[in-house]
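Architecture at a glance
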Amino acid sequence: ENTVTDGDRDGGAIYIREQSAAEIRKCKFIENVADRGGAITVMEPPRCNIHHNLFWGNGSRLGGAALSTSGDFEGVPFLIKNCTFVNQHFTGLDASPLTANPRGEARIVFSSCIIWDAEPRFSNEELISASFTNIKDGFEGEENSDADPMFLKSTEFISSLCMLKGNSPCID
């Protein structure tokens, strides 16, 4: 749990600056808070590999409780693969995008993800694309679904809430 909200702060858990690279995999981003990018903020251009992560209960005041991007990505999309997004929330007065907040010309591409956040999920849907992704209430894209992912109910640690039952439509 990290909180960064003194003024106009981005990236509650991780802030990836310009000219930086990152491999972020098999991480749990749980209850991080920032003005933008409650869990992660990425500045231009993205040289990141982000996959197989859990984003649960992150918050933002200005958008992107899970992810926020900024700048001109020079036509290179920010790719998010095999990640699960659940229960992101607002920390400000106005509704802001919960899952992702692309700013500038930064495009975000989701592939094989589960996005089970409330609306609004994205600030600019023209900069978002998704394929083979389960998105609550649906989202246009190749082989996307809005079927209940069938999370395993448990009273144990938060991440167990995001485990899937064996007959989940999100498996294979």
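Up top is the structure.
Attention in this report is confined to the structure presented alongside it. In this text, all values refer to a predicted model and were calculated from it rather than measured experimentally. (Residues numbered from 1 in each chain as written. Predicted model: local features only at pLDDT ≥ 70, side-chain atom pairs only at ≥ 80, totals over all residues. Heavy atoms only, no water.)

Glancing now at the overall build of the chain. The helix and strand inventory of the chain stands at zero helices and 18 strands. Counting across all 172 residues of the chain, residues that qualify as buried make up 48%. A separation threshold of at least 6 residues defines the contact pool for the chain, and within that pool the share at least 24 residues apart is 65%. Accessible area of the chain: about 8,600 Å², with a carbon and sulfur share of 45%. (Helix = DSSP H or I, 4+ residues; strand = E, 2+ residues; numbered from the N terminus. Buried < 20%, exposed > 50% of the residue type's maximum accessible area, 1.4 Å probe, protein only. Contact = heavy atoms within 4.5 Å. Areas by Shrake-Rupley, 256 points an atom, 1.4 Å probe, with all protein chains shown as cover.)

Counting through the fold element by element, E119 comes out in the loop between β16 (114-116) and β17 (128-131). E119 sits in the exposed class, given a relative accessible area of 53%. Sequence separation between E119 and T99 is 20 residues; the distance between their C-alpha atoms is 8.8 Å. Not counting the four nearest positions on each side in its chain, E119 is found in contact with F90, L98 and D137. Separated by 2.9 Å, the side chains of E119 and R121 make a polar contact. (Polar contact = N/O pair within 3.5 Å; in protein donor to acceptor, adjacent residues only side chain to side chain.)

Attention now moves to the pattern of salt bridges. Going through the model one piece at a time under the given rule, you end up with five salt bridges. Note that D10 and R103 form a salt bridge whose closest N and O atoms lie 3.3 Å from each other. Of the two residues, D10 is situated in the loop between β1 (3-4) and β2 (14-16) and R103 in the loop between β14 (100-102) and β15 (108-111); the sequence distance between them amounts to 93 residues. Judged by relative accessible area, D10 falls into the buried class, the value being 17%. Among the ionic pairs, E23 bridges to R25, the shortest N-O distance being 3.5 Å. Via salt bridges that share partners, D10, R36 and R103 belong to a single interconnected network. (Salt bridge = Lys/Arg side-chain N within 4 Å of Asp/Glu carboxyl O.)

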